[in-house]
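So the chains spell out like this:
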Amino acid sequence: MESNDNELIEEPPAPPCPPCPSRPLMIVVSAPSGAGKSTLCNRLVAEFPRIAYSVSCTTRAPRGDEQDGEHYFFLSKKEFKERIKNGEFLEHAKVHGNFYGTLEDTVLYAMEGGSHVVLDIDVQGAGQIRKSLARLDPRNPIRRGFTDIFISPPSREELEKRLRGRGTDGDDVIRKRLAAAAEEMKRAKEYSFQIVNDDLETAYAELKMSILAASGA
Ligand code: ADP
Ligand code: 5GP
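Residues numbered from 1 in each chain as written. Chains lettered and ligands numbered in written order. Predicted model: local features only at pLDDT ≥ 70, side-chain atom pairs only at ≥ 80, totals over all residues. Heavy atoms only, no water.

1. Let's talk about the site of ligand 2
Note the following rule: Near residues are defined by distance, with any heavy atom within 4 Å of the molecule or strand qualifying the residue. Any pair of N or O atoms that falls within 3.5 Å is considered a polar contact. Within protein, one atom must be able to donate a hydrogen and the other to accept it, and sequence-neighbouring residues count only if both atoms are side-chain atoms. Throughout, the Shrake-Rupley method with a 1.4 Å probe supplies accessible areas, and for residues the shown protein chains are the sole cover considered. In DSSP terms, a helix is any run of H or I states spanning at least four residues, a strand is any run of E spanning at least two, and both are numbered starting from the N terminus.
Close to ligand 2 lie 18 residues; Lys37, Ser56, Arg60, Tyr72 and Tyr100 are nearest. Arginine 60 places a side-chain nitrogen or oxygen 2.6 Å from an oxygen atom of ligand 2. Here an oxygen atom of ligand 2 sits 3.2 Å away from a polar atom, N or O, in the side chain of arginine 63. Within the complex, the protein chains bury 96% of what would otherwise be the 510 Å² of accessible surface of ligand 2. For the shell around ligand 2, the secondary structure elements donating two or more residues are strand 5 (89-95) and strand 6 (98-103).

And the structure:
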């Protein structure tokens, strides 16, 4: 009599289907204005559908063809203060004379949907989030998924060239941003990953490698 040994072998359980990250990352990216952070982050979210961009709130006026709800939620100062009072912000800061803030719901919504989320925020906001991590429940997705990356320009001269080349800011705004850049650069060492955006392709490859390393892959 023939026996079929295969019948005795249990089928292995099916692997989980959708390619959801099991631990979504909250990727905080900071850089002096003009270093190329938006260029790099936009490319990242365009290439990877499971990386979402956290749309911040700001009191500054829209620049160029920026759209409300897509690039920022453009709020009046009164609306912004109301949201602070309601405790809606994960972090908020005054940057270059305007208020900026990340809504906690925006971040959690993306992470609970199984996406990594990129926060393009300044060094003050990043510092606030780092400080608040220890107070969060260890199971909180923000605490579990936090990582941070600092992007520097190759030099002050190149930063100025990029700010002027972008053609979106007047001379006084550019001067303010260059002055702030020197202070922001001093805080680069607080970040887990530091990237110099000289050659764009190299910087983009390093950005992807950093995220891969943070995800433990
Ligand atoms: P940020 O978001 O940091 O303020 P942007 O992404 O808007 O900066 O970039 C500022 C300008 O520099 C843009 O005109 C962009 O096309 C240009 N830029 C970005 N990265 C590079 C690079 N590696 N080399 C040359 N120009 C760059
Ligand atoms: P911009 O006006 O050029 O879009 O942004 C100016 C600065 O504000 C950048 O350094 C950017 O990272 C920062 N920023 C944008 N959104 C936020 C935010 O939600 N919180 C904080 N703290 N900074 C932000």
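2. Side note on the sheet that holds strand 7 (residues 116-120)
Short version of the rule: Paired strands are those between which DSSP finds at least two bridges. In this description, a line fitted to the C-alpha atoms serves as the axis of each element, helices being fitted only across the stretch in contact, and the angle between N-to-C directions of two axes falls anywhere from 0 to 180 degrees.
Reading across from one edge, 2-7-1-8-9 is the order of the five strands in this open sheet, with parallel pairing throughout. Looking at the sheet topology across the chains shown, the edges are occupied by strand 2 (51-53) and strand 9 (193-196). Taking each pair of neighbouring strands and ignoring which way they run, the sheet shows an average axis angle of 25 degrees. Sheet topology note: the strand 2/strand 7 ladder contains three bridges and is parallel. Within strand 7, the residue paired with tyrosine 53 across the bridge is valine 118.

3. Brief notes about the pattern of salt bridges
Convention followed: What counts as a salt bridge is simple: a side-chain nitrogen of Lys or Arg found within 4 Å of a carboxyl oxygen of Asp or Glu. Type-normalised accessible area, obtained with a 1.4 Å probe on protein chains alone, sets the label of each residue: buried when under 20%, exposed when over 50%, and partly exposed for intermediate values.
Applying the stated rule across the entire model yields 18 salt bridges. Salt-bridge contacts for glutamate 158 lead to arginine 162; the nearest nitrogen and oxygen are separated by 2.8 Å. Highlighted residues: glutamate 158 and arginine 162, both in helix 6 (residues 156-166), separated by four residues, approximately one helical turn. The exposure class assigned to glutamate 158 is partly exposed, which follows from its relative accessible area of 21%. Owing to a relative accessible area of 21%, arginine 162 belongs among the partly exposed residues under this scheme. Linked through salt bridges whose partners overlap, the residues forming this network are Arg156, Glu160, Arg164, Asp171 and Arg175.

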